[in-house]
Amino acid sequence: MNAISSPLMTDRQPSALMRQARKIGPLGLIILLHLAFFWALQSGLIHQVASAVPKEVIATFIVPEKAPEPAPPKAQPTPPKEVKIVKKAVTPPKPIPVTETPAPTAITAPPQPPQPAAPAPQVAAEPTPAPAAPPGPVLPKQITSGIEYIEKPNPIYPSVSRRMGEEGVVEFRVTVNTSGRAEKVEIIKSSGYSRLDDAVRTAVMRAIFKPYIDNGRAITISTVGSLAFRLN
């Protein structure tokens, strides 16, 4: 009974195979593609194909910048035209001779008499020289030693200066004449107190000096001295 197949079963088998083939077909195609890829990878075919593919070359074209156009040259100013000035020679007119004819009524001046000759210049007389000035006073001889007193100066200490405690040294210059008397007393250095200075001046004027003898005769001399005022 199992060996007998019915016509219905025979028709169903091809349709089932076709459905299975349709299901397996895409999967088998994928498996075949993977096998072909691995085979190409092992055999180096992919590298040959990759090296055979031309590489992309990027080229950049640089356009040169346009050079600036040179400025047109400036027009040169037209130089002024030179105009030559031609000097025209002018011939002066010829002078016309004039003959002076005296008029009939002209009055002729009488000739002038000759002028007398100028007198000869007088020679100025030389000026008379002025009389020589009289010689000035003879200055006293300055001495620093050899002074002798007949009566020494004895200054009186002013009582006011004593009470006020005024002290000091007075330096003076005295001029002594040929008689040994003081003619002038000049204070060279003050003591700082006018009362003391006046006391020294009075005392020196009262003093009597021994006349100073020079070459056998007495002369006027000038010398310096000093007097001190001390309370002790």
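First things first, this report covers the structure right here in the doc. (Residues numbered from 1 in each chain as written. Predicted model: local features only at pLDDT ≥ 70, side-chain atom pairs only at ≥ 80, totals over all residues. Heavy atoms only, no water.)

Some details on the overall build of the chain
If you tally the helices and strands in the chain, you get four helices and eight strands. Going from the N terminus to the C terminus, the chain shows its helices and strands as α-α-β-β-α-β-β-α-β-β-β-β. The burial tally for the chain puts 14% of its 232 residues in the buried class. For the chain, restricting intrachain contacts to residue pairs at least 6 apart in sequence, the fraction spanning at least 24 positions comes to 73%. (Helix = DSSP H or I, 4+ residues; strand = E, 2+ residues; numbered from the N terminus. Buried < 20%, exposed > 50% of the residue type's maximum accessible area, 1.4 Å probe, protein only. Contact = heavy atoms within 4.5 Å.)

Observations concerning the packing of aromatic side chains
Across all of its chains, the model carries two aromatic pairs by this definition. Centre to centre, the rings of Y157 and F229 are 5.2 Å apart; their planes meet at 85°, and the pair counts as edge-to-face. Placement of the pair is Y157 in the loop between β2 (149-151) and α3 (159-164) and F229 in strand β8 (residues 221-229), with a sequence separation of 72 residues. Since its relative accessible area comes to 11%, Y157 is described here as buried. (Phe/Tyr/Trp six-rings, centres within 6.5 Å; stacked < 30°, edge-to-face > 60°.)

Observations concerning the sheet that holds strand β3 (residues 168-176)
With mixed pairing, four strands are arranged side by side in an open sheet as β1-β8-β3-β4. The open sheet has two edge strands, β1 (141-142) and β4 (182-189), and neither has a second partner. Sheet analysis places β3 next to β4, joined by six bridges and oriented antiparallel. Counted as the bridge partner of V174 is V185 from β4. (Pairing = 2+ DSSP bridges.)

Brief notes about the pattern of salt bridges
Across all of its chains, the model carries four salt bridges by this definition. Two residues, K141 and D214, come together in a salt bridge whose shortest N-O distance is 3.6 Å. Highlighted residues: K141 in strand β1 and D214 in strand β6 (residues 212-214), separated in sequence by 73 residues. Overall, the relative accessible area of 37% leaves K141 in the partly exposed class. According to the relative accessible area criterion, D214 is partly exposed, its value standing at 23%. Put simply, R195 and E166 hold a salt bridge, and the shortest N to O gap is 2.5 Å. Residue R195 is located in helix α4 (residues 194-206), and its partner E166 is located in the loop between α3 and β3; the two are separated by 29 residues in the primary sequence. Residue classification places R195 among the partly exposed positions, given a relative accessible area of 34%. (Salt bridge = Lys/Arg side-chain N within 4 Å of Asp/Glu carboxyl O.)

Looking at a nonpolar patch on the surface
A grouping of L27, I31, L32 and L35 is seen on the molecular surface, where their side chains present a nonpolar patch of about 410 Å² in accessible area. If you trace the backbone, L32 turns up in helix α1 (residues 7-43). (Patch = residues over 30% accessible without salt bridge, like charges linked within 9 Å, V, L, I, M, F, W, Y side chains within 5 Å. Areas by Shrake-Rupley, 256 points an atom, 1.4 Å probe, with all protein chains shown as cover.)

Let's talk about the nonpolar core
Most often, soluble globular proteins keep nonpolar side chains buried together rather than apart. Membership of the largest hydrophobic core comes to 18 residues, with the highest contact counts inside it found for F172, V174, V200, V204, F209 and F229. Elements with a minimum of two residues in this core: β3, β4, α4 and β8. Those residues in contact with V204 that lie beyond four places of it in its chain are P153, F172, V174, A182, V185, F209 and L227. (Core = buried A, V, L, I, M, F, W, Y, C linked by side-chain atoms within 4.5 Å.)

Some points on the pairing of β8
Examined bridge by bridge, β1 and β8 share two bridges and lie parallel to one another. Counterpart to Q142 in the pairing with β8 is S222.

Examining α4
For α4, spanning 13 residues, the distance from its first C-alpha to its last is 19 Å, which sits close to the expected 18 Å at 1.5 Å a residue. If you check which residues of α4 are buried, you get L196, D197, A199, V200, A203 and V204. Summarising the axial view, the buried residues of α4 lie within an arc of 160°, below the 170-degree limit, and thus occupy one face. Facing away from the buried side of α4, by more than 90 degrees, are the exposed residues S194 and R206. In this fold, the buried residues of α4 make contact with α3, β3, β4, β5 (208-209) and β8. (Expected span 1.5 Å × (residues − 1). Arc of directions from axis to C-beta.)

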